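Summary of the model geometry
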There are 2 protein chains.
Amino acid sequence: MPLSGPSGSLPLPAFLEKRLFSTTPRVRSLNINNINPHVKEAKYAVRGELAIKSEQYKAQLAKGEGKDLPFDSVVAASIGNPQQLDQKPITFFRQVASILENPALLDAQEVLEKSSGYKSDVFERARKLLKDVKSVGAYSQSQGAAGIRQSVADFIERRDGYRADPQSIYLSAGASSGVNTLMSVICASPQTGILVPIPQYPLYTATLALQNAHCVPYYLHEESNWSTNVDGMRDALKKAQKQGIDVRAVVVINPGNPTGASLKPEAINSVLELAAEEKLVCIADEVYQTNIFEGEFQSFKKGLRDLQKSAKNNDGKFDNMELVSLHSISKGMVGECGHRGGFYEMVGFDPEVVAQIYKFVSIMLCPPVLGQCIVEMMVNPPREGEPSYPLYRKEYDYIFHSLRDRAQALYKAFQEMEGVSCQSPAGSMYLFPTITLSQKALEAAKEAGKAPDDYYCMRLLDATGICIVPGSGFGQKEGTLHFRTTFLAPGTEWVGRITKFHKDFMDEYR
Amino acid sequence: MPLSGPSGSLPLPAFLEKRLFSTTPRVRSLNINNINPHVKEAKYAVRGELAIKSEQYKAQLAKGEGKDLPFDSVVAASIGNPQQLDQKPITFFRQVASILENPALLDAQEVLEKSSGYKSDVFERARKLLKDVKSVGAYSQSQGAAGIRQSVADFIERRDGYRADPQSIYLSAGASSGVNTLMSVICASPQTGILVPIPQYPLYTATLALQNAHCVPYYLHEESNWSTNVDGMRDALKKAQKQGIDVRAVVVINPGNPTGASLKPEAINSVLELAAEEKLVCIADEVYQTNIFEGEFQSFKKGLRDLQKSAKNNDGKFDNMELVSLHSISKGMVGECGHRGGFYEMVGFDPEVVAQIYKFVSIMLCPPVLGQCIVEMMVNPPREGEPSYPLYRKEYDYIFHSLRDRAQALYKAFQEMEGVSCQSPAGSMYLFPTITLSQKALEAAKEAGKAPDDYYCMRLLDATGICIVPGSGFGQKEGTLHFRTTFLAPGTEWVGRITKFHKDFMDEYR
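All figures in this text were calculated on a predicted structure; none of them were measured in a lab.

**Things to note about the interface of chain A and chain B**
Each partner contributes to the interface: chain A provides 103 residues, whereas chain B provides 104 residues. The partner of Arg94(A) in a salt bridge is Glu101(B), and the shortest N-O contact between them spans 3.9 Å. Counting the contacts that link chain A with chain B gives 52 residue pairs in polar contact (both at pLDDT 80 or more). Every element with two or more residues in the side of chain A that touches chain B is listed here: α2 (37–41), α3 (49–62), α4 (91–101), α5 (109–116), α8 (174–186), α9 (203–210), α13 (351–363) and α14 (369–379) of chain A. The class makeup of the residues in the side of chain A that touches chain B is 52 nonpolar, 33 polar and 18 charged.

Structure follows, in structure tokens:
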């Protein structure tokens, strides 16, 4: 297992490094002090120390060496990874994928219909996709196969009521890859800054660290269900600009991660208005757009097009707004994380800038082609009247209800816990409760050399085998403590483990 | 289609930018002058202007609008993308993959054996892989599934006769992703330099540009079959060091791309000795290790282990050498480019550095899981005596001979062309001949605002629909001209198109 090295070690000044090494033989080319300092700065807690330790426990149990552990199974509640738990893939998608992998199965249609529940539309879709890509083993265009981008454009049009141009759509290896591309192009110097919601999915702060650019935080309001406050956004912007930071973009995660909060159209409009006034690129991370329990999803794209048509656009201020919206096959009811598929749509971007984005993505050749095909099926699933529709509908709804029920069960359990307070689950796959710890507990954490929420989560893992992520991994208002847990794990026994641990922990530090 | 913007535009000095824009309203946040200048500098000709234009021709023909074109098909001879042409995937791999995508097919074993030629070992392998990953739709460990890394370690041991540690193996989304990771970690400042062979696969120069680090070129010797000259490497190193460049690593592409050259053990040893003396990380890009027509492949890993055991290591100078070796499923007889799969093995790296590499890859979560499974099958294919072996052997050998025959046919054609001289094909998927153009042709290129080899390739595309890549895309000795063509396209008709074009071109500019 890799060691966790000293984080944030400063590189030695050149003269000192020379001095130290002038008589000490240098053993290797690379060491913790001379590698890219921006890589060292980047933090990504979701797969950090706790996740690594939970993998160690898992391996230990798998080898039958878990006798001394106070638990007999590890529960991964730290990562939005549905199919690692008990969520089944959508049958239609995997039936089509099996044929894409082995097109010889097109000749076994009758047999597969008879023995394995394949319907005729499975074969139709496989044929269409094979026409789009020729082979899932061949590189596609760097932007993604044209026929698949057309399907995505059609989906966006159906969703929003406004046309989309396939040329402005880029398929990607999950949304993470799209974010990485955008950050790499937008961040031009150490003065570049990007507005990022706190708490956020730490891909943003990690990528900004790698780019040596500024994260300009704007705080979400926990008290009002983690809402986005545009005044706070504007204040953060102005403050950063006064410090000489060239703020170029604002990230909005809607529905939120880790918060689950869902923005109403008015809130979306305020963000767009601010972005238009201040000439900010709006980066809308919408990967949880189908994970909504309260209210409905409206895309930023629709919001922008509505504004462009409205009286508010009398001076054309929305006409050249740069908006990029990201989606993924990893979340929703699809949950195909391991396939690495997603897309982003860019509107209002300067064509010369898009040409550079195109060049950037071409260096990594193309996104995984099977993942591109699953994007197509996600945006263009079986429709009513088609043979695979009933099963698709059933599976989709089952997963949806299952997630909602689990979210509720976890929420109820948190409401029973002393010192834990949680916003009602509005969406995404996570709950992000506040925890209040006693002074004694805070001191114990300090002694252990850990932030209090880190300490709590480590103690939870050691006691129960349950892996969650401390709030510090996502950012939080100074003086508050949180943790993020998924509600993907099956059953309720694991929730009982948390409740028991929590009670014992509170008693221990009373 | 994206425009090709002005390449290499310098960012405006701040005072000038302010001046220019103080009365001109700024339309957007991003423009060609303010995005990341390193993205602008990066060049990647393999998917550049010619590739884009050939896609346009292809679309035009597909729409039936190709009446005025002097050709009726586009031939992609620019990208090593075998399954886009007529190379078939290995049946065993795709049969297993179909089950991985739809594990319900495990229950259809009898039926698939009867109707679709599946053998029992296909189901065994699918079960093993499903045990390793649980679902191809679930994120794996960021380093790649443990069982698959074990298979890779076993392969390396069989290949080299030396054990490999699964912990030092990282699965990746193709080798390109591994290179990107390594460059991101190794390049610490604008002073960092990496020795890169010229000509090279331009991923290296592109990534170094993105990292704002120095490419320190060492020239391969065309006259001796593109051999690697360690004295030249040492000279380039010293020259760069004198200029204050902190040279940290040396890239070797073996077998070569675009050259196809294969290094003998003695040459590998010289490189390792230089790297040990000068404390350079050795980056061995070995993705073409099975594409060898002359001689045999020896891995850098074996070379290093041999040296460590030999008398040359009496002072332990090889003990702490840092070596990273990359492989991929995209090339060889496997050709599964679109699946994005590969691995790299790191030996001798400081554990704290490896921990940072681990963290870096964890930000992008994990490599595509299906691709990881194909890595497993590539390194652990059916063995003699197993049911799928005869077909595997037949397909593998057929592809190998087919590639070798096509290489020879193309080589012969080049030998007939005036002013074209080519090294005999030793490996990889490419030929990289020299072309000599007349003064008139050089002037015509200049008038057209293009480098001469760019001009030649563009004229070739316009006349024949064949897309190749000019030598400038890979780097070449000053004053020489080359182009790279794959030998993947089927048949010989297309070769005739090149021969005819070349004759006409030479006549035109005589």
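**A few points about the UniProt feature "domain: Aminotransferase class I/classII large" (unreviewed entry) in chain A**
This chain's UniProt record puts "domain: Aminotransferase class I/classII large" (unreviewed entry) on residues 122–492 of chain A. Overall, residues 122–492 of chain A shows 43% helix and 15% strand. The separation of its end C-alpha atoms is 36 Å.

**Regarding the sheet that holds strand β5 (residues 246–253) of chain A**
Working definition: the strands of a sheet are paired by backbone hydrogen bonds and lie parallel or antiparallel to each other. All names here are of chain A. Ordered in space as β2-β8-β7-β6-β5-β3-β4, the seven strands form an open sheet in which the pairing is mixed. Looking at which strands have only one partner, the edges of the open sheet turn out to be β2 (169–172) and β4 (214–219). Within this sheet the neighbouring strands show an average axis-to-axis angle of 20°, counted without direction. Of the pairings in the sheet, the one linking strand β3 (residues 192–198) to β4 comprises six bridges and is parallel in character. Within β4, the position partnered with isoleucine 194 by the bridge is cysteine 215. Along the sheet, α14 contacts β2, β7 (323–328) and β8 (342–347); its crossing angle with β8, the most-contacted strand, is approximately 75°.

**Things to note about the environment of Ala426(B)**
Inspection of the secondary structure assignment puts Ala426(B) in the loop between β9 (420–421) and β10 (430–431). The contact partners of Ala426(B), leaving out residues within four places of it in the chain, are Gly260(B), Ala261(B), Asn291(B), Ile292(B), Phe293(B) and Glu294(B).

**Some words on the relation of the copies chain A and chain B**
Comparison of the two chain copies shows a relationship of rotation about an axis with a shift along it. Once chain A has been moved 0.0 Å along the axis and rotated by 180°, it coincides with chain B to within an RMSD of 0.0 Å. What we have between these two chains is a two-fold relation. Proximity to the rotation axis, assessed at the C-alpha, singles out Ser98(A) in chain A; its C-alpha lies 2.0 Å from the axis. A shared binding surface is used by both copies, with 100% of the interface residues of chain A retained as interface residues in chain B.

**Looking at the packing of aromatic side chains**
Describing an aromatic ring pair means giving the distance of the ring centres and the angle of the ring planes. If you walk through the whole model with that rule in mind, you get 40 aromatic pairs over all chains. Arranged with centres 6.0 Å apart and planes meeting at 80°, the rings of Tyr44(B) and Tyr201(B) form a pair that is edge-to-face. Of this pair, Tyr44(B) sits in the loop between α2 (37–41) and α3 (49–62) while Tyr201(B) sits in the loop between β3 (192–198) and α9 (203–210); the two residues are 157 residues apart in sequence, bridging distant segments of the chain. Here the aromatic cluster, defined as three or more aromatic residues joined through ring pairs, consists of Phe414(A), Tyr455(A), Tyr456(A), Phe483(A), Phe501(A), Phe505(A) and Tyr509(A). For the cation-ring pair, Arg484(A) lies above Tyr430(A), with the distance from its terminal atom to the ring centre recorded as 3.8 Å.

**Observations concerning the sheet that holds strand β14 (residues 483–486) of chain B**
All names here are of chain B. Ordered in space as β10-β14-β13, the three strands form an open sheet in which the pairing is antiparallel. The open sheet has two free edges, formed respectively by β10 and β13 (469–470), since each of these has just one partner strand. Two elements, β13 and β14, share two bridges in a ladder whose sense is antiparallel. Opposite valine 469, over in β14, you have arginine 484 as the bridge partner.

**Observations concerning the environment of Gln243(A)**
With respect to the helices, strands and loops of the structure, Gln243(A) is situated in the loop between α10 (230–242) and β5. C-alpha separation for the pair Gln243(A) and Gln191(A), spaced 52 residues apart in sequence, amounts to 9.5 Å.

**Some remarks on the state of the cysteines**
All names here are of chain B. What the rule picks out here adds up to zero disulfides over all chains. Left unpaired, cysteine 215 is separated from the closest cysteine sulfur, that of cysteine 187, by 11 Å. Free of any disulfide, cysteine 422 has its nearest cysteine sulfur in cysteine 457, 14 Å distant.

**Here's the deal with the pairing of β2(A)**
Residue and element names in this part refer to chain A. Along β2, one buried face is formed by Ile169 and Leu171 and the opposite face, lined by Tyr170 and Ser172, is buried too. One ladder, built from four bridges, connects β2 with β8; its direction is antiparallel. Within β8, the position partnered with isoleucine 169 by the bridge is glutamate 345.

**Structural notes on the pattern of salt bridges**
As enumerated under the stated definition, the model contains 46 salt bridges over all chains in all. A salt bridge links Glu336(B) to Arg94(B), with the shortest nitrogen-to-oxygen separation between them at 2.8 Å. Of this pair, Glu336(B) sits in the loop between β7 (323–328) and β8 (342–347) while Arg94(B) sits in helix α4 (residues 91–101), and the two are 242 residues apart along the sequence. Pair check on accessibility: Glu336(B) and Arg94(B) agree, each one buried. Of the charged contacts in the structure, one is a salt bridge between Glu508(B) and Arg459(B), with a shortest N-O distance of 2.8 Å. Residue Glu508(B) is located in helix α18 (residues 493–508), and its partner Arg459(B) is located in helix α17 (residues 452–464); the two are separated by 49 residues in the primary sequence. Each of Asp231(A), Arg234(A), Glu277(A) and Lys317(A) takes part in one network of salt bridges that share partners.

**Describing the pairing of β7(A)**
All names here are of chain A. Of all six residues that make up β7, six are buried, and the element is covered over most of its length. Across the two faces of β7 the burial is the same, with Leu323, Ser325 and His327 and Val324, Leu326 and Ser328 all buried. By the bridge criterion, four bridges tie strand β6 (residues 281–285) to β7 in an arrangement that is parallel. Each residue of the ladder has a partner; that of alanine 284, found in β7, is serine 325. As a crossover connection, the stretch from β6 through helix α12 (residues 300–309) into β7 is right-handed. Two strands pair when backbone bridges link them, and β7 and β8 are joined in this way by six bridges, in the antiparallel orientation. By the bridge assignment for β8, serine 328 is matched with glycine 342.

**Overview of the packing of helix α6 (residues 120–133) of chain B against helix α7 (residues 146–160) of chain B**
A pair of packed helices can be characterised by two numbers: the angle between their axes and the separation between those axes. All names here are of chain B. Orientation of α6 relative to α7, taken along the N-to-C sense of each, is 120°, at an axis distance of 7 Å. Of the possible angle classes, the one that applies to α6 and α7 is oblique. Residues Lys128, Leu129, Asp132 and Val133 of α6 touch α7, and the partners they reach there are Gly147, Ile148 and Ser151. Each residue belonging to the contact of α6 with α7 can be placed in one class, and the counts come to three nonpolar, two polar and two charged.

**Structural notes on the side chain of Asp160(A)**
Residues and elements named next belong to chain A. By secondary structure assignment, the location of aspartate 160 is in helix α7 (residues 146–160). A relative accessible area of 6% means that aspartate 160 is categorised as buried. For aspartate 160, the side chain forms a polar contact with the side chain of arginine 159, separated by 2.8 Å. Setting aside its immediate chain neighbours within four residues, aspartate 160 contacts Ser299, Lys301 and Lys302.

Rules and cut-offs
- Residues numbered from 1 in each chain as written.
- Chains lettered and ligands numbered in written order.
- Predicted model: local features only at pLDDT ≥ 70, side-chain atom pairs only at ≥ 80, totals over all residues.
- Heavy atoms only, no water.
- Contact = heavy atoms within 4.5 Å.
- Salt bridge = Lys/Arg side-chain N within 4 Å of Asp/Glu carboxyl O.
- Polar contact = N/O pair within 3.5 Å; in protein donor to acceptor, adjacent residues only side chain to side chain.
- Helix = DSSP H or I, 4+ residues; strand = E, 2+ residues; numbered from the N terminus.
- Nonpolar A, V, L, I, M, F, W, Y, C, P; charged D, E, K, R; others polar.
- UniProt positions renumbered as here; feature names shortened; annotations may be inferred.
- Pairing = 2+ DSSP bridges.
- Axes fitted to C-alpha atoms, helices over the stretch in contact; angles between N-to-C directions.
- Least-squares fit on C-alpha atoms with pLDDT ≥ 70 in both.
- Phe/Tyr/Trp six-rings, centres within 6.5 Å; stacked < 30°, edge-to-face > 60°.
- Lys NZ or Arg CZ within 6 Å of the ring centre and 35° of its normal.
- Disulfide = S-S within 2.5 Å.
- Buried < 20%, exposed > 50% of the residue type's maximum accessible area, 1.4 Å probe, protein only.
- Right-handed = clockwise from strand over helix to strand, strands pointing away.
- Parallel < 35°, antiparallel > 145°, perpendicular 65-115°, else oblique.

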